[in-house]
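Overview (structure and organization)
Now for the letters of each chain:
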Amino acid sequence: MAEAATIGDGRAAGWKKLRRRLAPWAPLLVLLALCIAIALVNGRFVSLRNFARIADAASIPLVLGLGVTFVILMGSIDLSMEGVVAFAAIILCLLVANGANANDFGLLGALAVLVIGAAMGFANGIVHVGLQIPSFMVTLGMWFVGIGIGNAILGGIQVRVNDPLIRALALEQFLGLKFQVWLALGALAVAWVVQEHTRLGRYIFAIGGGEDLARLSGIRTGLVRIATFTMAGVFYALAGIMAAAQQGSAFALIGGGRLFTAITAVVVGGTALWGGQGGVLNTLIGVLIVVVLANGMVLMGVSPYVQQIVQGLLIIAAVALSVDRMRAKLVK
Amino acid sequence: MSTAAPAPALQLVGIEKSFPGVKALQDVSITLGVGEVVGLIGENGAGKSTLMRILSGVYQPDAGNIRLHGEDTVLRNAQDAARRGIAMVFQEQSLLPNLTVGQNIYLGAEAQFSRMGIVQWSRLYAAAARQLAKVQVDVDPSTITGDLDFATRQMVELAKAMTLEEAGEGHLVILLDEPTSVLEQADIDILFARVRALKARASFVFVSHRLDEVLALSDRVYVMKDGGVVAELPAAEADTRQLHQLMVGRDRHSEYYREAQQRPFGEKVLLETRGLCAGAHYRDVDLTLHVGEVLGIAGVIGSGRESLCRTLFGFEQPTAGEILLDGAPARIAGPADAVAAGIGYVPRERRNEGLVLFLSVAANMTLASLRRVMRHGMIDHAAEARLAGEWVERLHIRTPSIRALCLNLSGGNQQKIVLAKWMNAHARIIILDHPTRGLDVGAKEEVYDLVRSMSAQGLGVLLIADTLEETIGLCHSIMVMRDGRVTRRFDAPSGAKPRQVDLVEHMV
Amino acid sequence: MNRDTLRQLMPIVTLVVLVVLVAAFQPSFVNPATLLGMASDTATLFVLGMGVTFVIMLGGIDLSIQSVASLASVAVALLITPLGYLAFPVAVLVGALAGLLSGIAHVQLKIPSFIATLAVGGVAAGVALLLADAQAITLGEVERGYVGWITGTSLGIPHEVLIALVVLALGTVVQHYTAFGRYSQAIGAGEPAAHAAGIRVGLHKTIACMLSGAAAGLAGAILAGRLASGSPTLADQLLLPAIAAVIVGGTAITGGVGSVWRTLVGALIITVVRSGMTFLNVDIFIQQSVFGAMLVIAVALTIDRSKIPIVK
C-alpha cells in the first residue's frame, strides 16, 4: 500500500485537523446542551439535591467505565465486568460483617476483594495474550464464569452487608455528596494519573494507535495488555464493593445491565472503539451524559424502559460518528 | 594512531539472502564511510528493500558479514540495530498519529524521564525539543503528530533517529528509504539540506527511484540489479543516462515471451479513460484498450499505475475524468460493478485478494460467476465439479482434487486458479497486477502462454508487470507513468519493440 | 490426520465420550425417554445457535439474540389473541427486523458487530420491557390452544424436535445450495478476496444478521409456547450457551469454517453437559461457569491465528 500514503491533500488535511480540534469537545457540548434542554423543560433539574442524585447515580458507572476505558483505548473490549462485579460483591459480603457467616474482616476484606478483581482481570489478560484469543471472547467467558462461581457460592440466596464502614459508602455524606461519589472521584484521579503520567498509560495509547509500530519501538505489548486487563479488574472489583454497599446486600445478578451502561458511557464520551483516542475524562463526560439523560427522562415521566432503548441508539450513533472510515477498512 | 584511516561506519561483505524460490541477494558488498551519503538505486525487485531490512535488523542474512565501525556485528532484531546506532527513516512512516511528537520521539524510551513510575513530560519534551533542533525543525513537541503535514512528519522521523546519538555509540547510520517520493520540491530541498548538515554526526544510505536526487545528495552510488551490485561509482562522475543503462542490464529474449505469437489487436475499443484523476495518485490519464490488446503500464512505485488499476476495478473512486466501457460512460462504484461489466482483476496480493485460501479450488473458480452453476436458485454441485475439472485439465493445474483448499497449492497453480476464475466469469477485460510475482520460471512461462491466449480470444489485457523485460516482451502497447502522469506511450509490435532504456528514461 | 480433520472430528468424539461417560455413571441417562427429553431441551438452543452460526461464519458475532428472542416471546404473548397463528410468523419477522437493524448498523455505519448487536440487543430488551411493562405475560386457556404445534408430540416425538429438524434442513439448504451460503463462507474465509471477486460483502453480512435475528425470533416463539408465557427476560440465560454451542461444535470465530451441523453437535454437547451435571449433582449455579470456560477452551482450539495478525 505504498501508494496509499500520499501527499497530504491540502483541503482534506485541513478538514481533518478541524475535526480533530472539535471532536474532543463534542461530548462536552452534548452534555451541556442536554442539561440546558432538560432544565428548560423541567426546572426541578437544576437543584443541588438533583445534582447530588446525579453524582450518586454516576459513581458506579464511572468506576466501571474507567476500567474498561483503558481496555478500549488498546482497541480491545472487556465484557467481563458484570461477572467481576457480582463475584466481587459476593465475596465482599462474605468477608465483612454480614448476615450469613461470622466473618468480620472489615477493610482487609475490601482489600482482598480488590486483589480478587485483579486476579480475574489478570486471568483475562493472560488467556487473551497467552492463547491469542480475541478479548471479547475471553471476557465473554469470564463474564459467565464470574456470575456462575458467585452464584454457586451463594446458592442462589442474598447476603446482607452489616459492616458499617461499607454501608457508610452509600449512606454517609461528606460535603453534600455520598462517600461513594468521593470514592469514584478518587478512582478517576488515579486513572487520570495512570493515563497521563505513567509509561503504562502511554503504551496503552501506543498500542491503540498502532500495535506493530509500538512493538517495533521495543514496547512489550503482551505485558502491557495483561497489565491493562488486570487494572480493569481492580476497577470492576471496586465497583462491586460500591454496588454491594448501595444495595446493602449481594446477589448474583447485582451486575445486571451495568456492562451496557458502562460501554455506552465510554463510547458516548468519545473514546474510539478502534483504540488510541479518548481517555478517562471522556468517560467522565460520557457517564454524565448517560446519567443526566436518564435523570431527565425520569423527571419528564418517560418510561424507564425507554431509557434502555435510547442507550442502545446512543451507542450506535456515537460509534457511527466516531468511525474513521478510512481506517476501518475491514469491520468484523 | 592518527595516521590510520578511520574504519568505515558500515561495511557489508558478501551478504546473501534467499527466500523460498527466490535468491533475493547474492554476494552484496557495500561500504559506507564516516560522514558519507551513499545512494542505492535499482529497478523494482533488484534487492534494495531486502538489503535495507537486513541493515535494520528485520531480516538476518544467510551469509556474509556486517561490520559497524570495523567490528563484526550481528543485528538480531530492529531494537538491536537501533541500540547500535542504525536508524531507518521509512517511507511508510513509523510514527503513531495519536501521540504527540515528543511522545513519538521517545516511544519505548520513557524510563529515562520517569521518577518513581511517574513520567515527567516536561523533561521529555525538553529533550525532544533538543532532538528537533538537531534537524532544525520548528515544531512544538506537544503537537499531536497526526496534525502535522507529511513533510514535517518526515523531519520528526529524522529527529527520532537522532535520539540514538545519546542512547548508543555516537555516530549514527541512518537509512533513508524513499524519503522523497511523496514530498514537494521545496520540502525535498529542506530535507536534503538537513541531511547534509547532519553528515558530521551520521552517515546515510539513501534509497530512491529518483536518480537526479540520488546524484544530487549522494557522494557515491551503488547500482543493484537482480540481487547483486552491478556498479559502484562516484556521484560526481555519473549521469542519469549512464545509471539507466546500468539498471536495466541484459536484454530480453523474444522467445521467452512468446513474441512470435503476438498478433495485431482489433479495432474495437473495450475500455477508455478520459482525463482520469485520483487525488494525488495520478492525473489526467487517457488510456485506450482494444479488443485483443495487451497494454502495459510501466512505472516505478509511486508512479500511480497500481492506483490507476485499482480505480478501473472499482476499489478506488476517481476524483475527475471518466471511464468508458464499449464507448459508453460507466460508473464503477465497487468491484461488484466491475465484475458485472466484464472486468477481471488479478491482484498482486494473490494470497489476500486473489484467492480465498481456505476455500476449495472449485469454489474459488466459480466465485465470480456462481450463477453459471446454479439451477433453480440452487448450486448444482455436480455441474460445478464438471466445470472445475475442465479448467484443471485445460490449464494443467496440479491439485490433489478440486475440493482441496487453495491454501496448499503452489503459487503458479494458485495464479492459474485466479485466471480461471475470470475466464470462467467471461471477463472481457483483465487487469493483471504483477501476475508473475513470486512464481518460478516454468510457472511464469505458463502465465505468459495464458496472456497470449487471452489476447488471441479477443480479451483486453491491462498489464503491470514485474520487470521491464516482461512489459516489453508481452505488450502490444506500453504507457509509461511517472509521478502520477503519463510521460510517454510506445507501440511495441512484434519485431519492433522499444528498448528498456527508452522506457526507463521516462520512468525515473 | 491433519489439523483440519481433527478439528472436524473432535466435537463428535467429544459428544460420544460425554454420553458414554455420563451413561457409565448413570445408566438411566440412555433410556429413550430421557434422550427425547434432552433432544427437545436442545431444540431452542440449536435454533438460536444455528442463526448465530451464519454471523460467526462471516467472522462477526451476534450478542443480541437473547434479547431478540425475549422480545419475540413478548410479541407472541401479546399478538396471539388478536392474530392467532399469525402471531408466530410475526414474531419471526420481528426478529428479522432486529437483525436488519444490527446489519445496517454493522455494515452501513461500519460498527463492529459485537458492539452493534450489543446496542440492538439493548434496544430490543427495552422494547420488550416497554411492551410487556416488565411483566411476564402468561398465556390464557384459549391462547394455549395455539401452541400445540410446539408443545405436542407426533408418533412419540416432541414437536420441538421436529421443528428443530426442519430448521436444520433449511439451514443445510441455505448453507450448501444457495449463493448466500457460498458467499458467506467465502467472505468469512477471505473477505478481501471475496470483495475482489465482485461479491457484495455488505449485502451478505446484512442477510446473515437477518437470519440470525429471524432464528432468534423463532426460538423466542418456541420458548413462549413451551413456557406458555412471554417475558422480556425469558431467554436471558441463553446467549452464552448458544454461542458456546456454535464454537464448541467447531465453527471458528475467525470465520469461514463451520456449518449448521457442527452447531447441532455443539448444542447437543451443551445439553449433555448440562444434564450430565444435573445427574451428577453438580451445583446448578456453577453450570454458567462451566459453559464460560468451555467457550474459551473451544475458541482456543478452533481459532485460526494466521488470520488475525494482531489479536485485539
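Each remark here, short or long, concerns the structure printed above.
Within each chain, residue numbers correspond to sequence positions counted from 1 in written order. Written order decides the labels, with chains lettered from A and ligands numbered from 1. For this predicted model, a pLDDT threshold of at least 70 governs which residues receive local features, and a threshold of 80 or more governs which side-chain atom pairs are given and counted, while totals over whole chains, interfaces and linings are taken from all residues. Side-chain figures throughout are based on the complete set of non-hydrogen atoms in the structure, without hydrogens or water.

1. Quick look at the overall build of chain A
Along the backbone of chain A there are 14 helices and 4 strands. In summary, chain A has a C-alpha radius of gyration of 21 Å against a globular reference of 20 Å for 332 residues, a match within 12%. Overall, chain A is about 70 × 55 × 35 Å in size when its C-alpha atoms are taken along their principal axes. Contacts in chain A between residues far apart in sequence, at least 24 positions, make up 77% of those at least 6 positions apart. Numbering of helices and strands runs from the N terminus, with a helix taken as a DSSP run of H or I at least four residues long and a strand as a DSSP run of E at least two residues long. Based on C-alpha atoms, the radius of gyration is set beside the globule rule, defined as 2.2 Å times the residue count to the power 0.38. Throughout, a residue-residue contact means that at least one pair of heavy atoms, one from each residue, lies within 4.5 Å.

2. Digging into the overall build of chain C
The helix and strand inventory of chain C stands at 14 helices and 4 strands. Against the globule reference of 20 Å for 312 residues, chain C gives a C-alpha radius of gyration of 19 Å, in line with a compact fold. In terms of its C-alpha atoms, chain C occupies a principal-axis envelope of roughly 55 × 50 × 35 Å. Long-range contacts, defined as pairs at least 24 residues apart, comprise 77% of the intrachain contacts of chain C with a sequence gap of at least 6. For chain C, the exposed surface amounts to about 11300 Å²; the carbon and sulfur share of it is 71%. Charged residues are defined narrowly, with Lys and Arg counted positive, Asp and Glu counted negative, and His plus the chain ends left uncounted. Where a charge sits is defined by one atom per residue type, namely NZ (Lys), CZ (Arg), CG (Asp) or CD (Glu). Treating the 13 positive side-chain charges of chain C as one cloud and the 11 negative ones as another, the clouds have centres 16 Å apart. In these tables, accessible area is a Shrake-Rupley quantity obtained with a 1.4 Å probe, and a residue counts as shielded only by the protein chains included in the view.

3. Structural notes on the pairing of strand 6 (residues 86-89) of chain B
All names here are of chain B. Working definition: with a 1.4 Å probe on protein chains only, accessible area under 20% of the residue-type maximum means buried, over 50% means exposed, and in between means partly exposed. A two-sided burial pattern is seen for strand 6, the buried positions comprising Ile86 and Met88 on one face and Ala87 and Val89 on the other. Paired strands, as defined in this entry, are two strands with at least two bridges between them according to DSSP. Relative to strand 9 (residues 172-177), strand 6 runs parallel, the two being bridged by 4 bridges. Among the inter-strand pairings, Ile86 is bridged to a residue of strand 9, identified as Val173.

4. A word on the pattern of salt bridges
Any carboxyl oxygen of Asp or Glu within 4 Å of a side-chain nitrogen of Lys or Arg constitutes a salt bridge here. For the structure shown, the criterion picks out 33 salt bridges over all chains. Residues Glu211 of chain A and Arg215 of chain A are paired through a salt bridge, measuring 3.6 Å at the closest nitrogen-oxygen approach. Placement of the pair is Glu211 of chain A and Arg215 of chain A together in helix 10 (residues 211-216), with a separation of 4 residues, close to one helical turn. Classification of Glu211 of chain A by relative accessible area gives buried; the value is 5%. In this structure, Glu322 of chain B and Arg274 of chain B form a salt bridge, with 3.6 Å as the shortest nitrogen-oxygen distance. One end of the pair, Glu322 of chain B, is in strand 16 (residues 320-325); the other, Arg274 of chain B, is in strand 13 (residues 269-278), with 48 residues separating them in the sequence. Take Glu322 of chain B: its relative accessible area is 31%, and that puts it in the partly exposed class. The class for Arg274 of chain B is partly exposed, based on a relative accessible area of 41%.

5. Some remarks on the pairing of strand 13 of chain B
Walk down a regular strand and you will see the side chains alternate between the two sheet faces. Residues and elements named next belong to chain B. Most of strand 13 sits out of view: 7 of its 10 residues are buried. Sheet analysis places strand 13 next to strand 14 (residues 282-290), joined by 6 bridges and oriented antiparallel. Residue pairing in the sheet places Leu276 in a bridge with Val285 of strand 14. Sheet analysis places strand 13 next to strand 16, joined by 5 bridges and oriented antiparallel. Its bridge partner being in strand 16, Cys277 is matched across the sheet by Ala320.

6. Comments concerning the interface of chain B and chain A
Quoted interface sizes are often the accessible area lost when the parts come together. Of the residues lining the interface, 36 residues belong to chain B; the matching set on chain A comes to 28 residues. Buried area adds together the accessible area that both of two parts lose upon being put together, with accessible area traced by a 1.4 Å probe. Across the chain B/chain A interface, buried area totals approximately 2700 Å², and carbon plus sulfur atoms make up 59% of it. Taken together, the connections running from chain B to chain A amount to 0 salt bridges. In the analysis that follows, any N or O atom pair within 3.5 Å is treated as a polar contact, provided that within protein one partner can donate a hydrogen and the other can accept it, and provided that, for residues neighboring in sequence, both atoms belong to side chains. Between the two partners, chain B and chain A, sit 7 residue pairs in polar contact (both at pLDDT 80 or more). Listed by contribution, the elements that provide at least two residues to the side of chain B that touches chain A are helix 2 (78-83), strand 8 (118-119), helix 5 (150-162) and helix 10 (305-312) of chain B.

7. Digging into the sheet that holds strand 22 (residues 460-464) of chain B
All names here are of chain B. Strand order in this open sheet of 6 strands is 18-21-22-15-23-24, and the pairing throughout is mixed. In this open sheet, the two edge strands, each paired with only one partner strand, are strand 18 (343-346) and strand 24 (485-491). Sheet twist, expressed as the mean angle between neighbouring strand axes with direction ignored, is 20°. As defined by bridge partners, strand 15 (residues 294-298) adjoins strand 22 across 3 bridges and the pair is classed as parallel. Across the sheet, Leu295 pairs through a bridge with Leu462, a residue of strand 22. Of the strands in this sheet, strand 18 and strand 21 (429-433) are in contact with helix 15 (residues 411-424), which crosses strand 18 at around 170°. Axis lines are fitted to C-alpha atoms, over the contacting stretch for helices. Their N-to-C directions set the angle, which ranges from 0 to 180 degrees.

8. Describing a nonpolar patch on the surface
Residues enter patches when they are more than 30% accessible in relative terms and free of salt bridges; like-charged ones are connected within 9 Å and nonpolar ones (Val, Leu, Ile, Met, Phe, Trp, Tyr) within 5 Å. Residues Trp25, Leu29, Leu32, Ile36, Leu40, Val41 and Met300 of chain A make up a contiguous nonpolar surface patch of about 790 Å² in total accessible area. On the secondary structure map, Ile36 of chain A appears in helix 2 (residues 26-41).

9. What to know about the interface of chain A and chain C
With 51 residues of chain A at the contact, the number on the chain C side is 53 residues. Taking both sides of the interface into account, the surface hidden between chain A and chain C amounts to around 4400 Å²; carbon and sulfur atoms contribute 76%. Linking chain A with chain C are 2 residue pairs in polar contact (both at pLDDT 80 or more), by the criterion used here. Contributions of two or more residues to the side of chain A that touches chain C are made by helix 5 (107-130), helix 6 (135-154), helix 10, helix 12 (258-268) and helix 14 (304-322) of chain A. In this classification, the charged set is Asp, Glu, Lys and Arg, the nonpolar set is Ala, Val, Leu, Ile, Met, Phe, Trp, Tyr, Cys and Pro, and all remaining amino acids, among them Gly, are polar. Here the side of chain A that touches chain C is composed, by residue class, of 32 nonpolar, 13 polar and 6 charged.

10. A few points about the packing of helix 8 (residues 179-197) of chain A against helix 11 (residues 221-247) of chain A
Residue and element names in this part refer to chain A. It is the contact of helix 8 with helix 11, at a shortest axis distance of 11 Å, that shows an interaxial angle of 175°. Considering the angle they form, helix 8 stands roughly antiparallel to helix 11. Each of Gln180, Leu183, Ala184, Ala187, Ala191 and Val194 in helix 8 lies in contact with helix 11, whose residues at this interface are Met231, Phe235, Leu238, Met242 and Gln246. With respect to orientation, any angle under 35 degrees is reported as roughly parallel, any angle over 145 as roughly antiparallel, any angle of 65 to 115 as roughly perpendicular, and every other angle as oblique.

11. Observations regarding the nonpolar core
Ranked by size, the top nonpolar core spans 347 residues in total, and within it Met137 and Leu140 of chain A together with Leu158 and Ile174 of chain B carry the most contacts. With 14 residues, the top contributor of residues to this core is helix 11 of chain A. Those residues in contact with Leu140 of chain A, other than ones at most four positions away along the chain, are Leu79 of chain A together with Leu63, Leu240, Ile243 and Leu295 of chain C. By size, the runner-up hydrophobic cluster in this structure holds 27 residues, among which are Met52, Ile66, Leu175 and Val205 of chain B. Put simply, a nonpolar core is a bunch of buried Ala, Val, Leu, Ile, Met, Phe, Trp, Tyr and Cys residues held in one set by side-chain atoms that sit within 4.5 Å of each other.

12. What about unusual backbone geometry?
Residue and element names in this part refer to chain B. The backbone of Glu178 sits at a positive phi, close to 50°, despite the residue not being glycine. Turning to its location among the elements, Glu178 is positioned in the loop between strand 9 and helix 7 (185-197). Note on Glu178: relative accessible area 9%, which makes it buried. The backbone phi angle of His376 is positive, close to 50°, even though this residue is not glycine.

13. Let's talk about empty space enclosed by the protein
All names here are of chain C. Cavities and pockets are defined on a 1 Å grid built over the protein atoms alone: a cavity is a set of grid points where a 1.4 Å probe fits but cannot escape, while a pocket is an open set with protein on both sides within 12 Å along at least five of seven lines, and lining residues are those with an atom within 4 Å of any such point. Grid points are joined across faces, edges and corners, and a volume is the space filled by probe spheres set on the points. Taken as a whole and judged by the stated rule, the model has 5 cavities of 30 Å³ or more. One number sums up the size of the second largest cavity: a volume of about 50 Å³. As for the second largest cavity, its lining consists of 10 residues, of which Val55, Leu58, Gly60, His106 and Lys205 are closest to the centre. Grouping the constituent residues of the lining of the second largest cavity by class yields 4 nonpolar, 4 polar and 2 charged.

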